[in-house]
Amino acid sequence: MMIKPILSKLVSASVLCAIAMSSQVAQADAIDDIKKSGVLKVAVKADYKPYGFRDPSGAIIGIEPELAKDVADRLGVKVEYVPVVSSNRMQFLEQGKVDLMIATMTDKPDRRKVVSIVDPNYYSSGTNILAPAKYGFKKWEDLKGKPVCGIQGAFYNKKTGKEYGAQIVAFKGTAEAYAALKGGNCVAFVYDDSAIVAKTKDPAWEGYEMPLKTIDDAPWGLAVKLGETKFHELMSDQIKSWHKSGRILELEKKWGVDNTPFALKMHEEYK
């Protein structure tokens, strides 16, 4: 009478064990497959100077591509940069088009349900606007009813529109948004303050400013595919190493960015 229940339990235990073993194998596959292929594919920005942009030859360079190269060197493989924009970067990771994503992405709880964002965070930025100085913007409320350029998929579009009354005109990439701003289609471009600061130092943008108080300072998260525990742990160790060594501070200086409070704080914490 007890044979069937016992067999049922044994079968269930065997199934659970098989699932656990297959899960462990899957988790090991990411790093193993990268090493077997000899290439680490990394999603990076190609329109976000100096974090990821194209040089005159078309090659993608910048702070985040250099961080990606560090990871490839650690794994003993070549690096392949895959350009992404805010609206498709997580999908590229989900679909297996890339192994790793280092693409100026703000760390948000809902995004952690889609991709595996690694702790600790590697960078941080806030939200501000780039606007012609002639408009004399002083506070966020000055944008009410005015057309403001934004990027598709950026979390701050909703806040700028809903809380401050701006009329968001969303573009797929920054090149289109910058062109629209210069063309007078928008009075401002709402974006990450880290990128705007770099733009205000560019002679081509003389007469433009970042006039408002930065809001929503938030950390950036790099990510691997959900379930890739082994790769996730390796990247966590890599980020700690960057903070400990001052690598990110070094890259900021190299690419003309003033050392950010976040990078300085993390270096002090981990050194």
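Below is a short write-up of the structure. (Residues numbered from 1 in each chain as written. Predicted model: local features only at pLDDT ≥ 70, side-chain atom pairs only at ≥ 80, totals over all residues. Heavy atoms only, no water.)

1. A look at empty space enclosed by the protein
For step 1, the next point in the chain: Under the definition given, this model contains four cavities of 30 Å³ or more.
For step 2, the next point in the chain: One number sums up the size of the largest cavity: a volume of about 90 Å³.
For step 3, the next point in the chain: Taken together, 13 residues form the lining of the largest cavity, with Ser-86, Arg-89, Thr-104, Tyr-156 and Asp-192 sitting closest to its centre.
For step 4, the next point in the chain: When its residues are assigned to classes, the lining of the largest cavity shows six nonpolar, three polar and four charged. (1 Å grid on protein atoms, 1.4 Å probe; cavity = no way out; pocket = protein on both sides within 12 Å on 5 of 7 lines; lining within 4 Å. Points joined across faces, edges and corners; volume = space filled by probe spheres on them. Nonpolar A, V, L, I, M, F, W, Y, C, P; charged D, E, K, R; others polar.)

2. Observations concerning the packing of aromatic side chains
For step 1, the next point in the chain: Considering all chains together, one arrives at 15 aromatic pairs under this definition.
For step 2, the next point in the chain: Through pairs of rings, three or more aromatic residues link up here, namely Tyr-48, Tyr-51, Tyr-122, Tyr-123, Tyr-178, Phe-189, Tyr-191, Trp-205, Tyr-208 and Trp-220.
For step 3, the next point in the chain: The ring of Phe-92 has Lys-97 lying over it, and the distance from NZ or CZ to the ring centre is 4.5 Å.
For step 4, the next point in the chain: Over the ring of Trp-205 we find Lys-182, and its NZ or CZ is 4.5 Å from the ring centre. (Phe/Tyr/Trp six-rings, centres within 6.5 Å; stacked < 30°, edge-to-face > 60°. Lys NZ or Arg CZ within 6 Å of the ring centre and 35° of its normal.)

3. Section: unusual backbone geometry
For step 1, the next point in the chain: A cis amide bond links Lys-49 with the next residue in sequence, Pro-50, at an omega value of 5 degrees.
For step 2, the next point in the chain: Take Pro-50: it is sitting in the loop between strand E2 (47-48) and strand E3 (52-54).
For step 3, the next point in the chain: Residue Pro-120 is reached from Asp-119 by a cis peptide bond, and omega for that bond is 0 degrees.
For step 4, the next point in the chain: Position of Pro-120 among the secondary structure elements: in the loop between strand E7 (116-117) and strand E8 (123-132).
For step 5, the next point in the chain: One non-glycine residue, Thr-104, adopts positive backbone phi at about 50 degrees. (Helix = DSSP H or I, 4+ residues; strand = E, 2+ residues; numbered from the N terminus.)

4. What about the pairing of strand E11 (residues 188-192)?
For step 1, the next point in the chain: Burial within E11 is extensive, with five of its five residues counted as buried.
For step 2, the next point in the chain: With four bridges joining them, E8 and E11 adopt antiparallel strand pairing. Of the residues in E11, the one forming a bridge with Leu-130 is Phe-189.
For step 3, the next point in the chain: Bridge analysis of strand E9 (residues 147-151) against E11 gives two bridges, and the strand direction is parallel. For Val-148, the partnering residue across the bridge sits in E11 and is Ala-188. (Buried < 20%, exposed > 50% of the residue type's maximum accessible area, 1.4 Å probe, protein only. Pairing = 2+ DSSP bridges.)

5. Description of the environment of Ile-63
For step 1, the next point in the chain: Following the sequence through the fold, Ile-63 ends up in helix H2 (residues 63-75).
For step 2, the next point in the chain: Overall, the relative accessible area of 3% leaves Ile-63 in the buried class.
For step 3, the next point in the chain: Setting aside residues up to four positions removed in sequence, Ile-63 forms contacts with Pro-50, Tyr-51, Leu-251, Glu-252, Trp-255 and Val-257. (Contact = heavy atoms within 4.5 Å.)

6. Here's the deal with the pattern of salt bridges
In a structure, side chains of opposite charge can pair up when their charged atoms sit close to one another.
For step 1, the next point in the chain: Counted according to the given criterion, the structure contains twelve salt bridges.
For step 2, the next point in the chain: With a closest N to O distance of 2.9 Å, Asp-70 and Arg-247 form a salt bridge. Taken together, the residues span a long stretch of sequence, with Asp-70 in helix H2 and Arg-247 in helix H8 (residues 247-254) at a distance of 177 residues.
For step 3, the next point in the chain: By relative accessible area, Asp-70 is classed as buried at 17%.
For step 4, the next point in the chain: For Lys-139, the salt bridge goes to Asp-142, with nearest N and O atoms at 3.1 Å.
For step 5, the next point in the chain: With relative accessibility at 46%, the residue Lys-139 sits in the partly exposed group.
For step 6, the next point in the chain: When salt bridges that share partners are traced, they join Glu-66, Asp-70, Arg-247, Glu-250 and Lys-254 into one network. (Salt bridge = Lys/Arg side-chain N within 4 Å of Asp/Glu carboxyl O.)

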